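If you want the building blocks of each chain, they are given just below.
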Amino acid sequence: GAGVSQSPRYKVAKRGQDVALRCDPISGHVSLFWYQQALGQGPEFLTYFQNEAQLDKSGLPSDRFFAERPEGSVSTLKIQRTQQEDSAVYLCASSDRGGLTLEAFFGQGTRLTVV
Amino acid sequence: AQKVTQAQTEISVVEKEDVTLDCVYETRDTTYYLFWYKQPPSGELVFLIRRNSFDEQNEISGRYSWNFQKSTSSFNFTITASQVVDSAVYFCALRASGTYKYIFGTGTRLKVLA
């Protein structure tokens, strides 16, 4: 596609519910990132994929967070047993050629609200 | 440790005024990259510029200009003759060479009033 696409745009979950957030990166982009953006804050790194390999998951806040990219294109961020502190906008980004120097292109994000 | 500080939380200007958004960064790396992104109400982060640490030449793109000064660890962004469409949150970010993590500032909300 023309840009990074994320779905759903908005998600309301009851506390304790599992959620899955989808990211379709720009076609052909090797690198894929997930960021979490709390209200009024800048995005914070969650995890990084190069193709299907998850090279860094140091930013995932707990073992309730899990990300995958099984075929090196679409990625899913899963949050199990959601809690109120998980409420945030989850941004996905992709970049070309390993993403070491080139800019990343971001999607519109999924706004997760846990009630 | 790496850190990006955007001290201005919110700025309001009247259309056609010039406005400068400040960004100060901290890093021990000798090679790094600085970025500015715009986040309109729709939510996506729109890439504006990337600057390499070894290139201190200032850049102008239309009404936008960037002033990079390593001596003060600053990478400021100026919008000339601001327009209502410039209203958004602007983020400055830092990334060290050989890494892929962006370190974002907390953003500056710019409101341009007609």
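Up top you'll find the structure we're talking about.
Quick look at the structure, then. (Residues numbered from 1 in each chain as written. Chains lettered and ligands numbered in written order. Predicted model: local features only at pLDDT ≥ 70, side-chain atom pairs only at ≥ 80, totals over all residues. Heavy atoms only, no water.)

1. Concerning the overall build of chain A
Broken down by element type, chain A carries zero helices and eleven strands. In terms of overall dimensions, chain A is globule-like: its C-alpha atoms have a radius of gyration of 13 Å, near the 13 Å expected for 115 residues. For chain A, the spread of C-alpha atoms along the three principal axes comes to 40 × 25 × 25 Å. Considering chain A as a whole, with its 115 residues, one finds that 47% of them fall into the buried category. Counting contacts in chain A only where the partners sit at least 6 residues apart, residues at least 24 apart contribute 54% of the total. A total accessible area of about 5600 Å² is found for chain A, and carbon and sulfur atoms account for 47% of it. (Helix = DSSP H or I, 4+ residues; strand = E, 2+ residues; numbered from the N terminus. Rg over C-alpha atoms; globule rule 2.2 N^0.38 Å. Buried < 20%, exposed > 50% of the residue type's maximum accessible area, 1.4 Å probe, protein only. Contact = heavy atoms within 4.5 Å. Areas by Shrake-Rupley, 256 points an atom, 1.4 Å probe, with all protein chains shown as cover.)

2. Overview of the pairing of strand S12 (residues 108–113) of chain B
All names here are of chain B. With burial as the criterion, only one face of S12 is covered, namely that bearing Thr108, Leu110 and Val112; the residues Arg109, Lys111 and Leu113 on the opposite face remain uncovered. Bridge count for strand S2 (residues 10–14) against S12 is five bridges, and the pairing is parallel. Paired with Ser12 across the strands is Lys111, a residue of S12. Across three bridges, the pairing between strand S10 (residues 88–96) and S12 is antiparallel. By the bridge assignment, Val89 is partnered in S12 with Arg109. (Pairing = 2+ DSSP bridges.)

3. Thoughts on the interface of chain A and chain B
Counting from both sides, the interface comprises 23 residues of chain A and, opposite them, 20 residues of chain B. Buried area between chain A and chain B, both sides added, is near 1800 Å², and the carbon and sulfur share of it is 55%. The salt bridge partner of B:Arg50 is A:Glu103, with a shortest N-O separation of 3.1 Å. There are eight residue pairs in polar contact (both at pLDDT 80 or more) connecting chain A and chain B. Examining the composition of the side of chain A that touches chain B, we find that three residues originate from one element, strand S4 (residues 31–37) of chain A, more than from any other. (Buried area = accessible area lost by both parts, 1.4 Å probe. Salt bridge = Lys/Arg side-chain N within 4 Å of Asp/Glu carboxyl O. Polar contact = N/O pair within 3.5 Å; in protein donor to acceptor, adjacent residues only side chain to side chain.)

4. Considering the nonpolar core
Formed by 23 residues in total, the largest nonpolar core has its most connected members in B:Trp36, B:Phe75, B:Phe77, B:Tyr90 and B:Leu110. Going through the elements one at a time, S2, strand S3 (19–21), strand S5 (32–39), strand S8 (64–69), strand S9 (74–79), S10 and S12 of chain B are the ones with two or more residues in this core. Looking at which element gives the most residues to this core, the answer is S10(B), with four residues. The residues contacting B:Tyr90, other than those within four sequence positions of it, are B:Gln6, B:Leu21, B:Trp36, B:Tyr37, B:Lys38, B:Leu48, B:Tyr64, B:Phe77, B:Ile79, B:Gly107, B:Thr108 and B:Leu110. Membership of the second largest hydrophobic core comes to 20 residues, among which are A:Ala13, A:Ile26, A:Leu46 and A:Phe49. (Core = buried A, V, L, I, M, F, W, Y, C linked by side-chain atoms within 4.5 Å.)

5. Here's the deal with the environment of A:Tyr48
Residues and elements named next belong to chain A. Structurally, the position occupied by Tyr48 is in strand S5 (residues 44–50). Considering only alpha carbons, one finds Tyr48 and Ala67, 19 residues apart in sequence, at a separation of 9.2 Å. One polar contact links Tyr48 to Gln50, side chain to side chain, over a distance of 3.0 Å.

6. A closer look at the state of the cysteines
Defined simply, a disulfide is a covalent bond joining two cysteines at their sulfur atoms. Following the criterion strictly, the structure yields two disulfides over all chains and no others. Bridging A:Cys23 to A:Cys92, the disulfide has an S-S length of 1.9 Å. Because the torsion about its S-S bond is -70°, the bridge between A:Cys23 and A:Cys92 counts as left-handed. Highlighted residues: A:Cys23 in strand S3 (residues 19–24) and A:Cys92 in strand S9 (residues 88–95), separated in sequence by 69 residues. According to the relative accessible area criterion, A:Cys92 is buried, its value standing at 0%. Sulfur-sulfur distance for the disulfide between B:Cys23 and B:Cys92 comes to 2.0 Å. Between B:Cys23 and B:Cys92, the S-S dihedral sits near -65°, and the bridge is therefore left-handed. (Disulfide = S-S within 2.5 Å.)

7. Looking at the packing of aromatic side chains
Using the criterion set out here, one finds 28 aromatic pairs over all chains in the structure. Each ring, one from A:Tyr35 and one from B:Phe104, has its centre 5.8 Å from the other, and the planes form 85°; the classification is edge-to-face. One end of the pair, A:Tyr35, is in strand S4; the other, B:Phe104, is in strand S11 (residues 103–104), on a second chain. Both residues of the pair, A:Tyr35 and B:Phe104, belong to the buried class. Look at B:Tyr64 and B:Phe77: their rings are 5.2 Å apart centre to centre, the planes differ by 90°, and that puts the pair in the edge-to-face class. Pair noted here: B:Tyr64 is in strand S8 and B:Phe77 is in strand S9, with a separation of 13 residues, a long-range link. Neither residue differs from the other here; B:Tyr64 and B:Phe77 are each classed as buried. Joined through ring pairs, the aromatic side chains of A:Phe33, A:Tyr35, A:Phe45, A:Tyr48, A:Phe106, B:Phe35, B:Tyr37, B:Phe47, B:Phe91, B:Tyr100, B:Tyr102 and B:Phe104 make up one cluster. (Phe/Tyr/Trp six-rings, centres within 6.5 Å; stacked < 30°, edge-to-face > 60°.)

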